[in-house]
Amino acid sequence: MIIAMLPLLGVLRYGWHGLGWALFAALFAAVIPTLFIRRGVRRGTLEDRHVGHRQRRLTVLPLIMGSVLTCFAVMLGLDAPADLTAVVLAMFVSLVPILVITVWWKVSVHTAVASGAVVCLAVALGPWWLLAAPPVAVIGWSRVVLRDHTTAQTVVGAVVGALTAGLTFWAAR
């Protein structure tokens, strides 16, 4: 979702200049975290690419947060486009309650990211972008069918992602 949403937002709001910044943000918010997780799977410290074990997520999430926060600092320091900087901040802020909830319960990061992306697009580009919400339900359904989450964990993830990302993005832009 992040790899699709960032370039879309960057191009639609800022043209080719925005695409460059969006790809930079996607590197820190999606590519680096994915590479870190793959490395953990190869080394045997993580069991799968979804980081299914809740306790392992408590190690992975802070590293992802560090990557996103680094991206935010660079973008802020180099005066990147406002909406792209705000969406990276929204990603970081969304991970805070996800991390806290994960201490006790395995909330769905997948649905949090997807719902947060949809809400940020709607805030930035208009309410018609809320029509992009059905994939959030499909992602939630898939997480339940795969028995990686309960329905409640996917719904809470979606609500937390939409609220924290949406409100943070709205306030920061």
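Model, not experiment: these values are computed from the prediction.

Student: Outline a positive patch on the surface, listing residues and values.
Tutor: Together, Arg-38, Arg-39, Arg-42, Arg-43 and Arg-49 line one region of the surface with positive charge. With respect to the helices and strands, the residue Arg-38 is situated in helix α1 (residues 2–43). On the accessibility criterion, Arg-38 (49% relative accessible area) is partly exposed.

Student: Describe the layout of surface pockets, naming the residues involved and giving the relevant values.
Tutor: A probe matching the size of a water molecule, rolled over the atoms, marks out where space remains unfilled. Put simply, the largest pocket is a space of about 960 Å³. Surrounding the largest pocket, 36 residues form its lining, Ile-2, Thr-34, Val-109, His-110 and Val-113 being those nearest its centre. Those elements that place two or more of their residues in the lining of the largest pocket are α1, α2 (54–77), α3 (82–102), α4 (109–125) and α6 (151–172). For the lining of the largest pocket, the element with the highest residue contribution is α1, accounting for 10 residues. Of the residues contributing to the lining of the largest pocket, the split by class is 27 nonpolar, 6 polar and 3 charged.

Student: Hey, could you go over the packing of α3 against α6 for me, with residue numbers and the actual values?
Tutor: One can describe the packing of α3 onto α6 by two numbers: an axis separation of 8 Å at closest approach and a directional angle of 145 degrees. Here the hand of the crossing between α3 and α6 comes out right-handed. Where α3 approaches α6, its residues Asp-83, Ala-86, Val-87, Leu-89, Ala-90, Val-93, Ser-94, Pro-97, Ile-98 and Ile-101 are matched on the opposing element by Val-156, Val-160, Gly-161, Thr-164, Ala-165, Thr-168, Phe-169 and Ala-172. Residue composition of the contact of α3 with α6, grouped by class: 13 nonpolar, 4 polar and 1 charged.

Student: For the state of the cysteines, give the residues involved together with the corresponding values.
Tutor: Between two cysteines, a covalent bond joining their sulfur atoms is known as a disulfide. Evaluated as defined, the whole model comprises 0 disulfides. A disulfide-free cysteine, Cys-71 has its sulfur positioned 14 Å from the sulfur of Cys-120, the nearest such atom. The exposure class assigned to Cys-71 is buried, which follows from its relative accessible area of 1%. Assessed through its relative accessible area of 2%, Cys-120 is described here as buried.

Thresholds applied
Residues numbered from 1 in each chain as written. Predicted model: local features only at pLDDT ≥ 70, side-chain atom pairs only at ≥ 80, totals over all residues. Heavy atoms only, no water. Patch = residues over 30% accessible without salt bridge, like charges linked within 9 Å, V, L, I, M, F, W, Y side chains within 5 Å. Areas by Shrake-Rupley, 256 points an atom, 1.4 Å probe, with all protein chains shown as cover. Salt bridge = Lys/Arg side-chain N within 4 Å of Asp/Glu carboxyl O. Lys, Arg positive; Asp, Glu negative; His and termini not counted. Charge placed at Lys NZ, Arg CZ, Asp CG, Glu CD. Helix = DSSP H or I, 4+ residues; strand = E, 2+ residues; numbered from the N terminus. Buried < 20%, exposed > 50% of the residue type's maximum accessible area, 1.4 Å probe, protein only. 1 Å grid on protein atoms, 1.4 Å probe; cavity = no way out; pocket = protein on both sides within 12 Å on 5 of 7 lines; lining within 4 Å. Points joined across faces, edges and corners; volume = space filled by probe spheres on them. Nonpolar A, V, L, I, M, F, W, Y, C, P; charged D, E, K, R; others polar. Axes fitted to C-alpha atoms, helices over the stretch in contact; angles between N-to-C directions. Left-handed = near helix turned anticlockwise from the far one by under 90°. Contact = heavy atoms within 4.5 Å. Disulfide = S-S within 2.5 Å.

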